[in-house]
Structure formats: C-alpha cells, structure tokens
Amino acid sequence: MLATTIVLVFVLSNQFTYAQSAVISFDNLPNPNSALEGQYPAGIANWGTNKWFVLAPSGHSFSNTAAFANQGVISATFDFVTPLILTSVGAVNEGAASSTVSLSCAGNSPVTQIIGSTQSVVLPTNWTVPCTTISVGASNGWLTHFDDFAYEIAQPSVTPTASPTSTSTSTPTSTATFTATATATASSTPTSTSTPTASLSPTVSATFTPTSTSTASPAPTATPSPIATQILGSTFNNHAIIVDANGGLLSWLSGPYPYDQLVKLAWNYIQNTVPNTSAGIKHYLSYCCFYEPAGGTPNWYHNPASLYAAFVDSLVTSYPYSGNASLIATVKEMLDYQLAHGTTPADWSWPNVPFASSVNGETTYTGDKSPERDGLNGIEADKVGELGYAYLRFWELTGDTVYRDAAVSIANTLVAKVRVGDATHSPWPFRVNGQTGAVIEEYSANMVLAVRLFDELIRLNIGAVGSYKSVRDQVWTWVLTYPMQNNQWNGYFEDIIHDASLVNKNQLTPMETARYILSFNDPAVVDPQWQVHIPALLDWVRITFGRGPYYSAWAIDEQSSCCSSYGLGSHTARWASINALMYERTGDINYKEAAYRAFNYGSYFADSQGVVQAAIDLGNVWYTDGYADYIKHYMSGMASIPEWSPANENHILRSSSIISAVAYAPQQISYTTFDAASRDRLRINFIPTQVTVEGILLPQRTDLNQEGWVFNPATGVLDIRHDTGTHIVINNLPLPTATPTPTQTPTATATLTPSSTPTATLEPSPTPTATATSTFTATATHTSTATSTASVTPSPTLGPNETLVRIDNMMPTLMPTSLPTATSPPEQTPEATQPVG
C-alpha cells in the first residue's frame, strides 16, 4: 500500500498573502452608454466625476467596458476605497493605430504595453503593494476600452505550519515558492522524495525536435507556464471568460480534456436532441439550422451536400475514437436521404450528382430556387466532388457498394465536365444548371476535394483510372498555379449570391487545401513548396478573417461578405487544426500555442447541453458550423497533439486508413482497417506488451521506417505501422514472474528491467499548479531480478499527476493521469515521416 503526503507552503514577499481576489466588471450596470461616476462597486472603487464612461458591447468588446469620458483625454484615475492590489486589467484597442497603455500606482513599478489595432489583451501588473489611486493611460484616448479590473485583498502573512508528516521547511523569500514533499511507505521501507520548485514568472522558451522512441525521454527542462484559471467578470455566450496567469484564454469547460468533452456533447445533441419535422424526418434533413434560445426554424436555405460530407469527416475519426457504432447509423441516414431525395436524374447534363442546396423545409432537394444563388435545378460542382469523396469513404467504412458506385458515377461526371482553367475560370464552374449544363457562376477555388476523390480511386484502382490520373493532375496543377499564388480563394458557401468580381474570399478552401497537403507523409510529394505555402496560407487567413486576438486567441470569420465580429467556432477550430498539424510537422511551439488558444476560443460557442452556436452575435445554430464542421477539427487537433486527449482512457486518435471496426476492453484494443497497410495512432492507459496483425507479432521499434510499433510510456502514445494485414490487436499480456528484492531502495535514476521486457526510464509528467510553475525532475524506479524470491514488492513514489498502474500485479509503472496545457513543453512529437492523414 502506498501512502503519500504532500504539504504545500506558499510564501510571498512584503509579508502579505492573498486570500481573496475579485474582479470589477461593468456587465451588471443597467444603463451602459452613460457616465460612470462615484462608487462602483460600492465600497470597492470610486470613479470620480466626469472621468469615465461605460460603453455597451461593440466592436471587439464582448461586454460592457469603460473608457475615458472625454475626447482628447489620454489618462484618468480611479481610487480604491481602501487600499487594494490591482493584479490585472483587460484592454481592447478599437482604434486604427496602436495604443500605448500604462498603469501606475504608488509603491509599485509602472506597467506599460503597446496594444495593436483591434487587439484585446490582459495586462498583468505583478504589483504586490496595496495602494489607493490608480492612474490609467492610453495614447489613443477613449478608443482604448477597459474591463475586468482584477484586484486582491492583502492580508497579514501567517507563518505556515508544516503538516506532521512533512519533512520540509520553508523560509520567506522575495520569490513565490512551493515546497512539496512526497513520502512513500511500503513494507519493504523504500522511500523517495521529490522537491519541485516554482517561480511566479512563466518561462517557456524551448523548441523541441520531434522524436519517436520506445523508451521514455527525459523530462524537458523548460518550465511550464503557471495556470491561474482566473475567472474574469466578462462573459461570452453565457460562459465566464477564463484565462491563465499570462492572460491566455482557456476553455470554459472544467477538467483537463475539454476537447474530448466538446466532441461528446456535440454528438449527443445530434443523436439524442434534434427533433423530427412534421414530415417525420430529422430536422437536419430539411433545414440548415435553428434559432437559440427561442427555438424554431429560420427561413434560410438548406445545404445538404456539404453538411453530410462534413459529417462523414467527423464520423471516420469519431467512431474509432469512441467505438460508438451508432454514429455510423446516424450518418448513414443522411447519405441515404441525399441519394434518394437529392440526386440529379440519370438523363440530365450532370447526371447522378448531388444537389448542394434546397429550400428550407422541403423534403426533396432541387436547388434553392433563388436566381441569385443556385436557382432551380442548380448544382455546385465543388460539392459534387466533396460528397463523392464522402461516399467513397463511407463505402470503405461499411462495405456497402451503393456508396462506392455513387462515388464512381460522380467521378465519371467530373471527368466528362472538366475544362481548362485560368485566373477567372476554375476547372469546373462553381454553379451549373444540372439539367441543361448552363454555367451559372464561373469560379470556385475549392477543387481539393475532387482531387481527393480521384486520388483515392486511383490508389484503389477503381473506375477509369487513366482518365482520373489525367484530370487529377490537371486540376491540382491549376490550384498550385492560380489560387495558391494569387489568393483568389473564392466560391464555396451555398447561400451567398453570385460573385462575378471575385471579391468574396473565404477561409475554408485555403485551409482544406493546406490540410490535404499536410495529410501526406511527405508533403513535398504534392507541393514541393509546402514549407512556404502553408505558413503563408495560415497568415493570410488570420490577416484576412482574423478577429481579436481575444486574450491571445485568434478568432476566424467565415468569408468577406459575412459574418461576425467575433468569428465563428467551426472556422476558428479549422484554423486551429491546421496550426496543430504544422506543429506536428515542424515542432514549432508557436503553432501549438496558436492552435491551443484558438481551440479554446472555439469551445465558447458550445453550451453544456451540446448546443453549438454558429456565431454568437447571430443567434442561430447551423448543423454544419455547430456540429459536422466543428467536431472534426477538434478530433484532428487531438490526433496531432495527443496530450489534449484523455490520458486515463483508450482512444484511437487517427489512422491513414478507414477503421471499419473497433473494440475496447481492459488491457486490450482490437480494430480492423480497410487497408492492409496503414499507420495508426492511439493514446492508451496501459503498457502494451504485444501488438499483432492477423495474429502475427509486430516488433517494437524506435521508429516506423519499417513495420512495427513505437510506444512512449511517458505520454501513452502508441504509433503502429502495419503493411500486410487489416486486423490489429494490442494486448497487455502477463510477464514472467519477477519480484524485487525486499531490501532494495529506489534511486533517482534506477531502471526497472523485468525479464524479457524493454528498458524504459519513466519520468513524471508535471502539471502546472493554480498559481505557480512546478518542474519535477526526480524519478523513482526499481531494478528487479527474476531470481528473487522475496514476497514483498516495493511501490514507487508517485508524482502529483500520476496513478499507480500494475501489469498483472508484477511491474510497477508510472502513467500520467493529467498533462500540461499547451503552454507547457510538448510531451512527444512523432517524426515528420509519421502519417498524418
């Protein structure tokens, strides 16, 4: 039995401890756009007379804010009624130029920060001395708005008393320090003590080269950023905005794995909450969206083809991850409905292809009937390719040849209709009358999903492969020649009116093009300039559609002609997922940070019931933006950065093949891939001792340059390469009996080496505490010998983020139960040659 006692002592300079904290926000004031004068909140702050003005939400501000009362004024003061410590202030620059913001208070060092145009930031003060009069400055005057004045009440320091079980003592210093003692007791009396130290100043500066190894790597020496989980007074979509100690946005969901929670909430809503229409079919089969919180159905056009294709994207990752086969039936209903009620007749100019739009509420799709959009009998060629690719993958998932045949028919139509493209004419027009073939709108840059369809048919040697190769190469060359060079990323959304002048850009097409390139083991195979193109596309989308940043998180809007001052959840998550893929490819921590903050921002669009708003300021919920095109990006993010998936569960995160069956059991996972050769990534909560393909053992390796498997015990990430079979089983089988000698004492670098078991040095995975950074460097492991006859097994000392896992009660193993946030160093990044798709 392992007994662990941890005593924490928190000491600060100036002999003040901070037992209470609060935030002054202005959301509860009933009459914004009026003067802020006198005490508010009563007994806390006095704003004087004719100094401050309260503004209603506008521009880049989520909620009520305070600004200087008069034009031309560049500073103002307010007073705490009793001396308090101001810890941070939120600010947003609504001006067209940068603003220099300053904070000062007697006894503390002044704070100055430059805020770019439209930026939102949190300014930490790092002040420790209580004071009364606060001076606030902004070089552009009342164009800088302020909110969330966070303060702490200083109280006399109380000398800490150590717990009787603690062996540590602490001395007050000018730097905040945590002292932790972990004492392990067992009948064989081995003990181990680890003492982490922390600094209130966050430092994360290391860049880590992606590696893959079968033994645990030493813990990174970079210090994780502290997580304060500060709840600010402002709210967004009825969630209190939560930031870390650096002012970086965190998800509103509690728990260490919010993205896993989001995916479950969204799927649960689709499966269990969406009602039937009066026609007796699911609401999403006739409508694009609904209003919240009032409910009802908006009078807007339906977008079935892209909706159902996106649901296939979400399905083929969510089903292996969860093992929930009912998801397959849910999406099957959608595809079957499109085939039966939304496919052009065989004798039309564009035969056997899907309609992209319909009139809301109608049970048969024939276009949206609007002459400004698709019109009656109008189709969209890019959606033809998009749903064709979805049909093909659904056949790989289910084996039902109906979907394969539908995909082949679509490919054949696309081959027959392809044309030579140029700067204003894409290889297929955007909008076409499906019956007559008359072009309605000439240009769409969204060619990548048709390319994917042809790629897959060519790979599988299905259909007119020779023709597919020729058309595929023609279309992809056009993408690299035109939109990749001139950023004419136009033509995707079904409900937008004709855009002959190509002024309405969108972010979806360049980001999905980037995803396609990054899906290859070697992206240079399809784009030799990918290391230039992908960063350029990410920057272009951020500059063109970026909103904020809000607490270090960039929000991404949908398109030039639409939609929100605060971006959309699905499009923000899409941009995040491409950043995560780039982090996986390059190891550049900046991509990881951008992905983390954007994913966190996207989480605020969902509520605890699984209702996911499309745009907070529009008040409606789209089945695409809230679900089909939302879930898949969080799934992609967890696959690229496995530490964001639950450490104490078993999940298939990704496969280069479609996974058609999966079964999870304690200490065993089995699954079936469509392809005999694939690369698969999992995060598991046990130590695998055996991986088989068709019953044949795969070797454990240090890389996947050939068939085998690589496991990182520090992260629980298992990467598998199999070349010759489809049925994979991962087992934790019993090991030969070996009991450690009872007189052994664990050391900081000892290694457990049971008979016939690979050596692994296991490091604890530290989690940042609420207000400080901890770096654990000690490990407690044992050396066992097969000849020992002792009956007592010493237990290792656990770090604060670990639980004891035993393989058949014989091998003590440390497995992390929680992991650092994205601001901490990466656990392990696979080699650039590992599969992404």
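Residues numbered from 1 in each chain as written. Predicted model: local features only at pLDDT ≥ 70, side-chain atom pairs only at ≥ 80, totals over all residues. Heavy atoms only, no water.

Caption draft 1: Structural detail: the overall build of the protein chain. Within the protein chain one finds 13 helices and 32 strands. Residues classed as buried in the protein chain amount to 57% of the 837 residues present. Across the protein chain, contacts joining residues at least 24 apart in sequence account for 68% of those joining residues at least 6 apart. When the accessible area of the protein chain is evaluated, it comes to approximately 30400 Å², of which 53% is carbon and sulfur surface. (Helix = DSSP H or I, 4+ residues; strand = E, 2+ residues; numbered from the N terminus. Buried < 20%, exposed > 50% of the residue type's maximum accessible area, 1.4 Å probe, protein only. Contact = heavy atoms within 4.5 Å. Areas by Shrake-Rupley, 256 points an atom, 1.4 Å probe, with all protein chains shown as cover.)

Caption draft 2: Fine view of the pattern of salt bridges. Going through the model one piece at a time under the given rule, you end up with 29 salt bridges. Here Asp455 and Arg472 are joined by a salt bridge, their closest N and O atoms 2.8 Å apart. Here the residue Asp455 occupies a position in helix α6 (residues 448–460), and Arg472 occupies one in helix α7 (residues 465–481), the gap between them amounting to 17 residues. For Arg472, a relative accessible area of 12% puts it in the buried group. Between Arg547 and Asp557 there is a salt bridge, with the nearest N and O atoms lying 3.1 Å from each other. Here Arg547, found in strand β19 (residues 546–550), pairs with Asp557, found in the loop between β20 (553–556) and α11 (569–586); they are ten residues apart in sequence, far enough to count as distant. The exposure class assigned to Asp557 is buried, which follows from its relative accessible area of 2%. Look at the salt bridges and you will find they share partners, linking Asp313, Arg393, Glu512, Arg515, Arg574, Asp629 and Lys632 into a network. (Salt bridge = Lys/Arg side-chain N within 4 Å of Asp/Glu carboxyl O.)

Caption draft 3: How the structure looks around the environment of Ile728. Mapped onto the elements of the fold, Ile728 is located in strand β30 (residues 727–731). With 30 residues separating them in the primary sequence, Ile728 and Leu698 have C-alpha atoms 9.7 Å apart.

Caption draft 4: Seen up close, the nonpolar core. Formed by 156 residues in total, the largest nonpolar core has its most connected members in Trp428, Tyr627, Tyr671, Ile720 and Ile730. A per-element tally of this core places helix α2 (residues 304–322) first, with eleven residues. With residues near it in sequence (within four places) discarded, Tyr627 still touches Ala266, Tyr269, Ile270, Phe311, Ser314, Gly610, Val611, Val612, Val621 and Trp622. Core analysis: the next-biggest nonpolar cluster, separate from the first, contains 33 residues, Phe26, Val101, Ile134 and Phe149 among them. (Core = buried A, V, L, I, M, F, W, Y, C linked by side-chain atoms within 4.5 Å.)

Caption draft 5: Unusual backbone geometry, seen in detail. Here the amide bond leading from Tyr40 into Pro41 is cis, since omega sits at -15 degrees, within 30 degrees of zero. With respect to the helices, strands and loops of the structure, Pro41 is situated in the loop between β2 (34–36) and β3 (45–46). Cis geometry is adopted by the peptide bond preceding Pro549, which originates at Gly548 and carries an omega value of 10 degrees. Among the structural elements, Pro549 can be located in strand β19. A positive phi angle is found at Asn352, which is not glycine, with a value near 55 degrees. Inspection of the secondary structure puts Asn352 in the loop between α3 (326–341) and β16 (378–380). The residue Asn487 is not glycine, and still its phi comes out positive at about 60 degrees.

Caption draft 6: Quick peek at the packing of aromatic side chains. Under the counting rule described, the total for this entry stands at 45 aromatic pairs. Summarising the aromatic geometry, the rings of Tyr284 and Tyr623 are spaced 5.7 Å apart at their centres and angled 85 degrees between planes, so their arrangement reads as edge-to-face. Of this pair, Tyr284 sits in the loop between α1 (258–272) and β15 (289–291) while Tyr623 sits in helix α13 (residues 623–640); the two residues are 339 residues apart in sequence, bridging distant segments of the chain. Since its relative accessible area comes to 1%, Tyr284 is described here as buried. According to the relative accessible area criterion, Tyr623 is buried, its value standing at 1%. Ring pairing ties together the aromatic residues Phe26, Tyr40, Trp47, Trp52, Phe68, Phe78, Phe80, Phe146, Phe149 and Tyr151, which thus form one cluster. A cation over a ring is seen here: Arg404 above Trp395, with NZ or CZ 5.7 Å from the ring centre. (Phe/Tyr/Trp six-rings, centres within 6.5 Å; stacked < 30°, edge-to-face > 60°. Lys NZ or Arg CZ within 6 Å of the ring centre and 35° of its normal.)

Caption draft 7: Quick look at the state of the cysteines. In the structure shown here, the tally under the stated rule is three disulfides. What pairs with Cys288 in a disulfide is Cys289, and their sulfur atoms sit 2.2 Å apart. Among the residues examined, Cys288 registers a relative accessible area of 1% and is labelled buried. Relative accessible area serves as the criterion here: at 1%, Cys289 is assigned to the buried category. (Disulfide = S-S within 2.5 Å.)

Caption draft 8: Focus on the sheet that holds β16. Spatially, β16-β17-β18 is the arrangement adopted by the three strands of the open sheet, whose pairing is antiparallel. Both outer strands of the open sheet, β16 and β18 (439–441), are each paired with one neighbouring strand and no more. Adjacent strand axes in the sheet meet at a mean angle of 30 degrees when their direction is disregarded. Inspection of the sheet shows β16 paired to strand β17 (residues 431–433) by three bridges, in the antiparallel sense. When the bridges of β17 are listed, Ile379 appears paired with Val432. (Pairing = 2+ DSSP bridges. Axes fitted to C-alpha atoms, helices over the stretch in contact; angles between N-to-C directions.)

Caption draft 9: Looking closely at the packing of α1 against α2. Across the interface, α1 lies against α2 with an axial gap of 12 Å and an inter-helix angle of 115 degrees. In this structure, α1 crosses over α2, and the sense of that crossing is left-handed. From α1, Asp260, Val263, Trp267 and Ile270 reach across to α2, where they touch Phe311, Ser314, Leu315, Ser318 and Tyr321. Across the contact of α1 with α2, the residue classes break down as six nonpolar, two polar and one charged. (Left-handed = near helix turned anticlockwise from the far one by under 90°. Nonpolar A, V, L, I, M, F, W, Y, C, P; charged D, E, K, R; others polar.)

Caption draft 10: Here's a closer look at the sheet that holds β30. If you walk across this open sheet you meet the five strands as β23-β24-β30-β26-β27, and the pairing is antiparallel. If you trace the sheet from one side to the other, it starts and ends with β23 (659–665) and β27 (696–697), each paired once. Summarising the sheet, strand β24 (residues 668–673) and β30 pair through five bridges and their orientation is antiparallel. For Thr672, the partnering residue across the bridge sits in β30 and is His727.

Caption draft 11: Quick look at the environment of Asn303. By the element assignment, Asn303 lies in the loop between β15 and α2. Under the relative-accessibility criterion, Asn303 is labelled buried at 5%. When the C-alpha positions of Asn303 and Cys288 are compared, they lie 6.0 Å apart, and in sequence the two are 15 residues distant. Among all residues touching Asn303, those that are not within four sequence positions of it are Cys288, Ala356, Glu494, Trp622 and Thr624.

Caption draft 12: Spotlight on the packing of helix α5 (residues 401–417) against α7. Where α5 meets α7, the axes come as close as 10 Å, and the angle between the chain directions of the two elements is 60 degrees. Taken as axis vectors, α5 and α7 run oblique relative to one another. For α5 against α7, the interelement crossing comes out left-handed. Contacts from Val408, Ala411, Asn412 and Val415 of α5 reach α7 at Ser467, Tyr468 and Val471. Residues belonging to the contact of α5 with α7 are distributed by class as follows: five nonpolar, two polar and no charged. (Parallel < 35°, antiparallel > 145°, perpendicular 65-115°, else oblique.)

Caption draft 13: Representation of the confidence of the model for the protein chain in the model. When pLDDT is averaged along the protein chain, the result is 79, and 74% of the positions lie at 70 or above. Across residues 156–230, where pLDDT falls below 50, the model places 213 contacts with residues more than four positions away in sequence or in other chains. (pLDDT = per-residue confidence, 0-100.)

Caption draft 14: View of helix α12 (residues 589–603). Its 15 residues place the ends of α12 21 Å apart at the C-alpha level, agreeing with the 21 Å of an ideal helix rising 1.5 Å per residue. Counting buried positions over the 15 residues of α12 gives 13, a clear majority of the element. Near the N-terminus of α12, the side chain that reaches the backbone nitrogen of Asn590, with its oxygen 2.9 Å away, is that of Asp588. (Expected span 1.5 Å × (residues − 1). Polar contact = N/O pair within 3.5 Å; in protein donor to acceptor, adjacent residues only side chain to side chain.)

Caption draft 15: Up close: helix α10 (residues 530–545). Between the first and last C-alpha of α10 there are 22 Å, a value that for 16 residues agrees with the 22 Å anticipated at 1.5 Å per step. For α10, the complete set of buried residues consists of Trp530, His533, Ile534, Pro535, Leu537, Leu538, Trp540, Val541 and Phe545. The inward-facing, buried residues of α10 contact α8 (483–486), α9 (508–518), β19, β20, α11 and α12.

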